[in-house]
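Here is how the chains run, residue by residue.
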Amino acid sequence: MALLEVTDLTTRFYTDDGIVQAVNGVSWHLDEGETLAIVGESGCGKSVSVLSILRLIPQPPGKIEAGQVMFEGRDLMKLSDDEMRSIRGNKMAMVFQDPMTSLNPVLTINQQISEALTLHMGMNKKEARERTVELLKLVQIPQAEDRLDDYPHQFSGGMRQRAMIAMALSCNPQILVADEPTTALDVTIQAQIIELVKQLRDEIGMAIIWITHDLGIVAGIADRVVVMYAGFIIESADVKELYADPRHPYTVGLLGSVPRLDMKKKEKLTPIFGLPPDLIDLPTGCPFAPRCDHRVERCSEHPELRTVAPRHEVACWVDISKERKQ
Amino acid sequence: MSAENNVLLEVKNLKMYFPIKRGVFQRRVGDVKAVDDLSFFIRRGETFGLVGESGSGKTTVGRCILQLYRPTGGSVVFEGKDLTQMKGSQLRAMRREMQMIFQDPYASLNPRMTVGSIVGEPLEVHGIARGKQKRERVQELLKVVGLNPYFVNRYPHEFSGGQRQRIGVARALALNPSLIVADEPISALDVSIQAQIINMLEDLQSELGLTYLFIAHDLSVVRHISDRIAVMYLGKIFEIADKDELYRNPLQPYTQSLLSAVPIPDPVVEETRKRIILVGDLPSPANPPIGCNFVTRCPVKMDVCEGQEPEFKEVSTDHWVACWRVN
């Protein structure tokens, strides 16, 4: 049984310019111990869909219009704010993109990590302090005892993200939500953090939702991938299946847009022409149709996800893998 | 470094120190050595990639070349003339030949100017075209970068990130420069738009015979677009080589770890890849280590690395390295 089951989630933002259709009826699940990557470009709804699940959407202007999120037999959308607060940071923890803005600059690292421990685990200050040292050691911060009372500005970017991860892990969460956690970091530091998360995942056995735009990171960390475009899921599959046999023209376009470090000889990139649609004024049919090379008449109707192989779903009227073989 | 006659730009022993001032009298108490004694050259018509992590000094190098910063020491020889010795109108005339594309297409275009006046401004400043002639040239430039020429009267906020970057490229091309310094031109853009801009830069290069200094942190992109690549770390160049040579035969331990840290979009390859994970962070350029700048994080350091700086040497044709393990 799935650990987390999202059904028909729809989130909109009511702005002065119009209604932004950020997430449009997405359904996916997360199995126990699994790493699920949600991939897409800016504005595709990957962050908003996960923030909606954690009920962190500012309301107004945002509004979760519909959807069910089942976790441990309960629908998170129906919980009271207090009940939700006991899950957030406890059973589901989050690591954000920018470690500088997500840490409080006027509190020490110890104060920030201890807060979750005293709040959710009922520890006293001394116990929380000891546990904080353990956690900082777990995320490999050197001289953890001495760095405990430092303020965030005394940490480097990589160390701040480690502290964020320590905070997220403090209550032994079942699900870690990581929203572009390495985008603000340098490659060598990114490699450190990814290695750390993989190691912790194998030790602790938590499930991870990893949101990113970087197809390289996905290839290294995910078990299963969900590709989003304009607030819709357009394809989902196990990671190897997706890279070996992408079935949606957008997924193919994304893969063709990134140069590979290990390329044998130089090939021209094959970008996707045009721009993503305006979420206030979405086309009625397939949202990708205006940019698609494989467009047919039927694309003016909205395609639903259909299963094309075991655990592989795609929302496209055209069978591009057949075209590829011809 | 080289006496070849197809060299467009030669940088020799370039240094850029920013003073650290303290106290009431703003006494100089030290220097941030953003760029410390580096030399390289760029051949006519090639793309020279400069990679490094944040704080490595790669942007400072670009700015020193264009004399947007006046270097503390060393020379920047462009078309046989040393730019560091030039001033005023002489320098302004040289700037026609070299233009810059910036990282952030939102910050690098004046929001109160129309596209026409942004792209046309260099033409006016350098007294090349006015009025109707200017307007025609601007429209032609917009066409070259794949924008609709009727956009001249629009403002930057009406455009997407990728389109704005195209406007920035049109402005850089306005004066027919021979060298373009592109400082992280695609890192603020989405993946599918990045590929559009990379392809456009490549097409423009072959049409107009441009020379690029391409500054970026993403090694996959740099390998894709460049002919030769220089790897920077803490104000120094550690290695310069042809892009394929650098990928197949990296000699400096930092280059090796950088290559191993770049994710490859292929789960089958990633499964079996071995990574060299560096410990720690980049040291402060105000207080660099003694000896080799990489000594604090190097996985294979020796005693000599902590005492003396390795010399930057050519170990095989066109392959330059600074490392005691190699020398």
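Participant: Could you clarify how one ought to interpret the sheet that holds strand S4 (residues 73-78) of chain B in this entry?
Facilitator: Think of a sheet as strands paired side by side through backbone hydrogen bonds, with each pair either parallel or antiparallel. Residue and element names in this part refer to chain B. An order of S2-S1-S4-S5 is seen for the four strands of this open sheet, with the pairing classed as antiparallel. Of all the strands in the sheet, just strand S2 (27-43) and strand S5 (81-82) have a single pairing partner and so form its edges. Relative to S2, strand S1 (residues 7-22) runs antiparallel, the two sharing 13 bridges. Paired with Pro 19 across the bridge in S2 is Asp 31. Docked against the sheet, helix H1 (residues 58-65) engages S1, S2 and S4, running at close to 115 degrees with respect to S1.

Participant: Even after reading the chapter, I still don't get the confidence of the model for chain B, so can you show me in this structure?
Facilitator: Reading fine detail from the predicted coordinates is not recommended where pLDDT is low. A residue-level look at chain B finds 98% of positions with pLDDT of 70 or above and a mean pLDDT of 90. Note on the complex model: pTM 0.87, ipTM 0.83.

Participant: How should the environment of Leu 148 of chain A be read in this particular structure?
Facilitator: Relative to the elements of secondary structure, Leu 148 of chain A occurs in the loop between helix H6 (144-147) and helix H7 (157-169). In this structure Leu 148 of chain A touches Ile 109, Asn 110, Thr 132, Val 133 and Leu 136 of chain A, once residues within four positions along its chain are discounted.

Participant: Please explain the pairing of strand S2 (residues 18-30) of chain A as it appears in this structure.
Facilitator: Sheet faces and side chains relate simply in a regular strand, where the side chains alternate between the two faces. Residues and elements named next belong to chain A. Bridge analysis of strand S1 (residues 4-15) against S2 gives ten bridges, and the strand direction is antiparallel. Its bridge partner lying in S2, Arg 12 is registered against Gln 21. Between S1 and the antiparallel strand that follows it, S2, lie two residues.

Participant: Is there a simple way to explain the interface of chain B and chain A in this structure?
Facilitator: At the junction of the two partners, chain B supplies 33 residues and chain A supplies 37 residues. Among the elements of the structure, helix H6 (191-208), helix H7 (219-225), helix H9 (253-261) and helix H10 (267-272) of chain B are those that each provide at least two residues to the side of chain B that touches chain A. Examining the composition of the side of chain B that touches chain A, we find that seven residues originate from one element, H6 of chain B, more than from any other. Its residues assigned to classes, the side of chain B that touches chain A comprises 16 nonpolar, ten polar and seven charged.

Here is what the cut-offs are and how they apply
Residues numbered from 1 in each chain as written. Chains lettered and ligands numbered in written order. Predicted model: local features only at pLDDT ≥ 70, side-chain atom pairs only at ≥ 80, totals over all residues. Pairing = 2+ DSSP bridges. Helix = DSSP H or I, 4+ residues; strand = E, 2+ residues; numbered from the N terminus. Contact = placed C-beta atoms within 7 Å. Axes fitted to C-alpha atoms, helices over the stretch in contact; angles between N-to-C directions. pLDDT = per-residue confidence, 0-100. Nonpolar A, V, L, I, M, F, W, Y, C, P; charged D, E, K, R; others polar.

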